Amino acid sequence: MSDLFTQEDLDKLQSQSGVDSADNKAWVKIFNPYGVGTWYLIDYDGDDTFFGYCDLGYPEYGSVAKSELESIDILEKDEHYEPMLSGEIPAYHRKVTGS
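None of the values given here were measured: they were computed from a predicted structure.

### Here we look at the pairing of strand β5 (residues 60-65)
Phase 1: For strand β4 (residues 49-55) and β5, the ladder comprises six bridges, and the chain directions are antiparallel. Residue pairing in the sheet places G52 in a bridge with G62 of β5.

### Side note on the side chain of N24
Phase 1: By secondary structure assignment, the location of N24 is in the loop between α1 (7-15) and β1 (25-26).
Phase 2: Those residues in contact with N24, other than ones at most four positions away along the chain, are Q16, V19, I42, M84, L85 and S86.

### Here we look at the environment of E79
Phase 1: Tracing the chain through its elements places E79 in the loop between β6 (76-77) and β7 (84-85).
Phase 2: Between the C-alpha atoms of E79 and F50, which are 29 residues apart in sequence, the distance is 19 Å.

### Structural notes on helix α3 (residues 89-97)
Phase 1: Here α3 has its buried residues at I89, P90 and H93. One face of α3 carries all of its buried residues, which in axial projection span an arc of 95°.
Phase 2: Where α3 is buried, its residues touch β1, β3 (38-44), β4, β5 and β7.
Phase 3: G98 lies just past α3 and shows a positive phi near 75°.

### Regarding the nonpolar core
Phase 1: Residues F5, I30, W39, L41, F50 and L69 are the most contacted members of the largest nonpolar core, which totals 14 residues.
Phase 2: Those elements giving two or more residues to this core turn out to be α1, β2 (28-31), β3 and β4.
Phase 3: Looking at this core, the element that brings in the most residues is β3, giving three residues.
Phase 4: If we ignore the near neighbours within four places in the chain, the residues touching F50 are F5, L10, L13, L41, D43, Y44, G62, S63, V64, K66 and L69.
Phase 5: In this structure, A26, I42, Y53 and M84 belong to the second largest nonpolar core, which totals seven residues.

So, how was this worked out
- Residues numbered from 1 in each chain as written.
- Predicted model: local features only at pLDDT ≥ 70, side-chain atom pairs only at ≥ 80, totals over all residues.
- Heavy atoms only, no water.
- Pairing = 2+ DSSP bridges.
- Helix = DSSP H or I, 4+ residues; strand = E, 2+ residues; numbered from the N terminus.
- Contact = heavy atoms within 4.5 Å.
- Buried < 20%, exposed > 50% of the residue type's maximum accessible area, 1.4 Å probe, protein only.
- Arc of directions from axis to C-beta.
- Core = buried A, V, L, I, M, F, W, Y, C linked by side-chain atoms within 4.5 Å.

Next up, the structure:
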């Protein structure tokens, strides 16, 4: 397991896998401290796929491979991020990025 995710993170994300609910939370925020790349992770399939709100220059909801995030050495987990409802993420992201 990489330093990006604790087992507790993965368990919380996996508990929401396959559940389509406005009550789902984005439990983890991963970001590139040197440029573009932010992921607010909402669920995890238990294998290699996360679903969340991703901004790689154009923000959108979508999937990303756990192995892909772990392969990018410069990514960091935002330890100050407070989990929020998935529907609140776009407005929060615009506020913190000024976009």
